[in-house]
Amino acid sequence: MNGITLALSKGRIFEETLPLLAAAGITPTDNPDTSRKLILGTNRPDVRLVIVRATDTPTYVQYGAADMGIAGKDTLIEHGGAGLYQPLDLNIAKCRLCVAVQKDFDYAAAVKRGARIRVATKYVKAAKEHFAAKGMHVDLIKLYGSMELAPLVGLADAIVDLVSTGNTLRANNLVEVEDIMPISSRLVVNQASLKLKRELIQPVLEAFAGAIKP
Ligand code: PRP
Ligand code: MG
């Protein structure tokens, strides 16, 4: 494609990206919540959007199937960032990565006595780094969603997951015991695209940069 392709995921990232796109003069012609199309046109013939799973955004951009994408820091940590230029923190889709346990689980005591705890998470790499930095030995169990269920049914002692409003933790009688890091979404650009399509990418980058809210 001569124009540029931007990879986005449905939901919060898509919604919070709309004002940034507008600042760059880009308006999608379809809504991914109502359309089943995966390639969306825009008002600009040289810009199209592709709708991907959030965890796949870095992969599409890494291989140049999309020139640019918007991905959460959580996703970028798990991907590793190979082949990606990460010029902007867009300060959207903000949440935090946390350790949470059931209310009656004494996490501090388990840490203090050096207990080997079981931790369920989708964020294996971030969790591994977090516990290694604390000198804790943990058994990580990889899950793909509904992490909050794991402690309730005895699959794990703790979870590492994203917390936004805290509603999911509260609804499942879990409490946050450690804050690992703040998360927001970043603009990622394929390194070769940046060189070859600079005249198309640079203005979008600048418009996004100017529209970032603190
Ligand atoms: C995400 C995240 C938490 C929840 C946090 O889950 O994994 O479970 O949202 O939001 P809250 O603090 O506002 O409740 P999601 O709904 O995306 O489902 P999944 O984990 O099963 O993919
Ligand atoms: Mg969840």
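See the structure printed just above.
In this text, all values refer to a predicted model and were calculated from it rather than measured experimentally.

## Brief notes about a nonpolar patch on the surface
Move 1: A contiguous nonpolar surface patch, about 320 Å² in accessible area, is contributed by Leu149, Leu152, Val153 and Leu155.
Move 2: Among the secondary structure elements, leucine 152 is positioned in helix H6 (residues 149-152).

## Brief notes about the site of ligand 1
Move 1: Neighbouring residues of ligand 1: Lys122, Gly145, Ser146, Glu148, Asp161, Leu162, Val163, Ser164, Thr165, Gly166, Asn167 and Thr168.
Move 2: One of the side-chain N or O atoms of aspartate 161 is found 2.8 Å from an oxygen atom in ligand 1.
Move 3: Considered on its own, ligand 1 offers 500 Å² of accessible surface; in the complex 63% of this is hidden by protein.
Move 4: Broken down by secondary-structure element, the contributors of at least two residues to the shell around ligand 1 are strand E8 (158-163) and helix H7 (167-171).
Move 5: Among the elements that make up the shell around ligand 1, the one with the highest residue count is E8 (three residues).
Move 6: Its residues assigned to classes, the shell around ligand 1 comprises two nonpolar, seven polar and three charged.

## Describing the pairing of strand E9 (residues 174-190)
Move 1: The buried count for E9 comes to 12 of 17 residues, which makes it a mostly enclosed element.
Move 2: Across five bridges, strand E4 (residues 68-72) lies against E9 in antiparallel orientation. Bridge pairing links methionine 68 to valine 189 in E9.
Move 3: For strand E5 (residues 84-102) and E9, the ladder comprises 13 bridges, and the chain directions are antiparallel. Opposite isoleucine 92, over in E9, you have serine 185 as the bridge partner.

## Overview of empty space enclosed by the protein
Move 1: Per the counting criterion, the structure on display carries one cavity of 30 Å³ or more.
Move 2: Looking at the largest cavity, its volume works out to about 40 Å³.
Move 3: For the largest cavity, the full set of lining residues is Ile4, Leu6, Leu21, Ile26, Val47, Met68, Val204 and Phe208.
Move 4: Contributing elements (two or more residues each) for the lining of the largest cavity: strand E1 (4-8) and helix H9 (198-211).
Move 5: For the lining of the largest cavity, the per-class residue count stands at eight nonpolar, no polar and no charged.

Reading the values: rules and limits
- Residues numbered from 1 in each chain as written.
- Chains lettered and ligands numbered in written order.
- Predicted model: local features only at pLDDT ≥ 70, side-chain atom pairs only at ≥ 80, totals over all residues.
- Heavy atoms only, no water.
- Patch = residues over 30% accessible without salt bridge, like charges linked within 9 Å, V, L, I, M, F, W, Y side chains within 5 Å.
- Areas by Shrake-Rupley, 256 points an atom, 1.4 Å probe, with all protein chains shown as cover.
- Salt bridge = Lys/Arg side-chain N within 4 Å of Asp/Glu carboxyl O.
- Helix = DSSP H or I, 4+ residues; strand = E, 2+ residues; numbered from the N terminus.
- Near = heavy atom within 4 Å.
- Polar contact = N/O pair within 3.5 Å; in protein donor to acceptor, adjacent residues only side chain to side chain.
- Nonpolar A, V, L, I, M, F, W, Y, C, P; charged D, E, K, R; others polar.
- Buried < 20%, exposed > 50% of the residue type's maximum accessible area, 1.4 Å probe, protein only.
- Pairing = 2+ DSSP bridges.
- 1 Å grid on protein atoms, 1.4 Å probe; cavity = no way out; pocket = protein on both sides within 12 Å on 5 of 7 lines; lining within 4 Å.
- Points joined across faces, edges and corners; volume = space filled by probe spheres on them.

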